[in-house]
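Structural overview for review
Residues per chain, in single letters:
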Amino acid sequence: MKEKLEQILKDAQGEIEKCDDVKMLDEVRVKFLGKQGELTSILRNMKEVPPEERKTVGMLANGVREKVEEAIAKKGEKLNETALKLAMEKEKIDITMPSKGEKRGALHPLTRFNNKFMDICVAMGFTVIQGPEIDTDYYNFEALNVPKNHPARDMQDSLYITDNILLRTQTSNMQVHAMEELKPPFKIVCPGRVYRNDDDSSHSPIFNQFEALVVDENVGLKDLMKMIDVILKKLFGENVKMRVRPAYFPFTEPSIEIDATCQMCQGKGCSLCKGTGFSEVFGAGVVNPKVLEMSGIDSKKYSGFAFGPGIDRSVMVTNKIPNIKYLFRNDMRFLKQMR
Ligand code: PHE
């Protein structure tokens, strides 16, 4: 028995020595110390050892077990150490190496302009909301006082999906959604994509607008003009001048068109502004009481005003972009220049 135990110890030590990874070492552990292991079976079968030898054999066997355990632990430590050394060698980072020049992303010029506009409006107490780009004829037109067959529909060449569902032609659909959902007084602003059947170097079938709507007691044209003046100054600088022209939108009465100092020539006159020094920026107006009533707002108590600038034109001018399509093509050569 003694020899057998010594043989086991020798075998175990030999095999432990040969291990060159933790997995192998674990297999050796199972082989000798596991439930079916050689040493374990000797310890388990102590009953069969004659009583007078039991004590010595037991001590010997336990001694062997301790030695094997120790050898395994030692080898394990050594293996872990080498593995760590190897990993450190392999994953070494030379912080003095020149960088590969990570490509840095940047916000799209439309997003930047959008954010600037949003910040200005939020600072003035507006809540930003968002809503559907695919909407029903009711929200896009009818509830804005543009009934079916109304000639004003010709102003916005629309992309219909069914007779009743279309890609919104204006963010003004959000005026109706807001009036249905919110209790006055409220001030909302809604940025978003709009769609029209238009396509040339200054018109894209997709473009971006904002809708700002204020509904409160005793608000009107004066408040609208003052607010626009403040916004334009914040957007384009203190020197910007604004010009107001009468306009027509079925959902506002009176309706106005706001022009601002041309940002291409700073008012000197250029081909873009056709020598006038001004370019058109917003449609705006005092909400038609009929529109308030249609969405369940008491037009005797409340009034409102709205404005809806298209932002693509401003982004083009301020960044000297010659064709509106560049804004939507995701061409890296263009985007890199816009950083
Ligand atoms: N929705 C109008 C357009 O797209 C602009 C507008 C918005 C006019 C709000 C008046 C009030 O032309």
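Above this text is the structure in question.
This section reports on the structure supplied with the text. As a convention, each chain's residues are numbered from 1 in the sequence order in which they are written. In view of the model being predicted, local features appear only for residues whose pLDDT reaches at least 70, and side-chain atom pairs are presented and counted only at 80 or more, with totals across whole chains, interfaces and linings using the full set of residues. To obtain the side-chain values, all non-hydrogen atoms of the structure were used and water was disregarded.

Here the focus is the site of the ligand. Throughout, the term near means that a residue has one or more heavy atoms lying within 4 Å of the molecule or strand in question. Neighbouring the ligand are 15 residues; Gln 170, Ser 172, Arg 196, Gln 209 and Glu 211 lie closest to it. By the criterion applied in these results, polar contacts are pairs of N or O atoms within 3.5 Å in which, for protein atoms, one can donate a hydrogen and the other can accept it, and in which residues neighboring in sequence qualify only through two side-chain atoms. For the ligand, a nitrogen atom lies 2.8 Å from a polar atom in the side chain of Gln 170. At 2.8 Å from an oxygen atom of the ligand is found a side-chain nitrogen or oxygen belonging to Gln 209. The accessible surface values rely on the Shrake-Rupley method and a 1.4 Å probe; as for residues, cover is taken only from the protein chains in view. Protein coverage of the free-state accessible area of the ligand, which is 330 Å², stands at 93%. Here the shell around the ligand is composed, by residue class, of five nonpolar, eight polar and two charged. Three classes are used: nonpolar for Ala, Val, Leu, Ile, Met, Phe, Trp, Tyr, Cys and Pro, charged for Asp, Glu, Lys and Arg, and polar for all others, with Gly counted as polar.

Here a ring pair, both rings aromatic, is described through the centre-centre distance and the interplanar angle of the planes. Aromatic contacts are taken between Phe, Tyr and Trp rings whose centres are within 6.5 Å, Trp giving its six-membered ring; a plane angle under 30 degrees counts as stacked, one over 60 as edge-to-face, and the others as tilted. Taken as a whole and judged by the stated rule, the model has seven aromatic pairs. Between Phe 282 and Phe 307, the aromatic rings sit 5.4 Å apart at their centres with planes inclined by 20 degrees, giving stacked as the arrangement. Of the two residues, Phe 282 is situated in strand β9 (residues 278–287) and Phe 307 in strand β10 (residues 303–307); the sequence distance between them amounts to 25 residues. The buried label goes to any residue with under 20% of its type's maximum accessible area, the exposed label to any with over 50%, and the partly exposed label to all in between, with areas taken from a 1.4 Å probe on protein chains only. Judged by its relative accessible area of 2%, Phe 307 is buried. What links up through ring pairs into an aromatic cluster is the set Phe 113, Phe 117, Phe 210 and Phe 236. Sitting over a ring, as applied to charges here, requires NZ of Lys or CZ of Arg to be within 6 Å of the ring centre and within 35 degrees of the ring normal. Over the face of the ring belonging to Phe 126 we find Lys 187, whose NZ or CZ atom lies 5.4 Å from the ring centre. Each helix corresponds to a stretch of at least 4 residues labelled H or I by DSSP, and each strand to a stretch of at least 2 residues labelled E; elements are numbered beginning at the N terminus.

Before going further, it helps to examine the sheet that holds strand β2 (residues 134–136). A strand pair is defined by DSSP finding two or more bridges across the two strands. Ordered by their spatial adjacency, three strands build an open sheet running β2-β4-β3, and the pairing between neighbours is antiparallel. What marks the edges here is a single partner per strand, and that holds for β2 and β3 (159–160).

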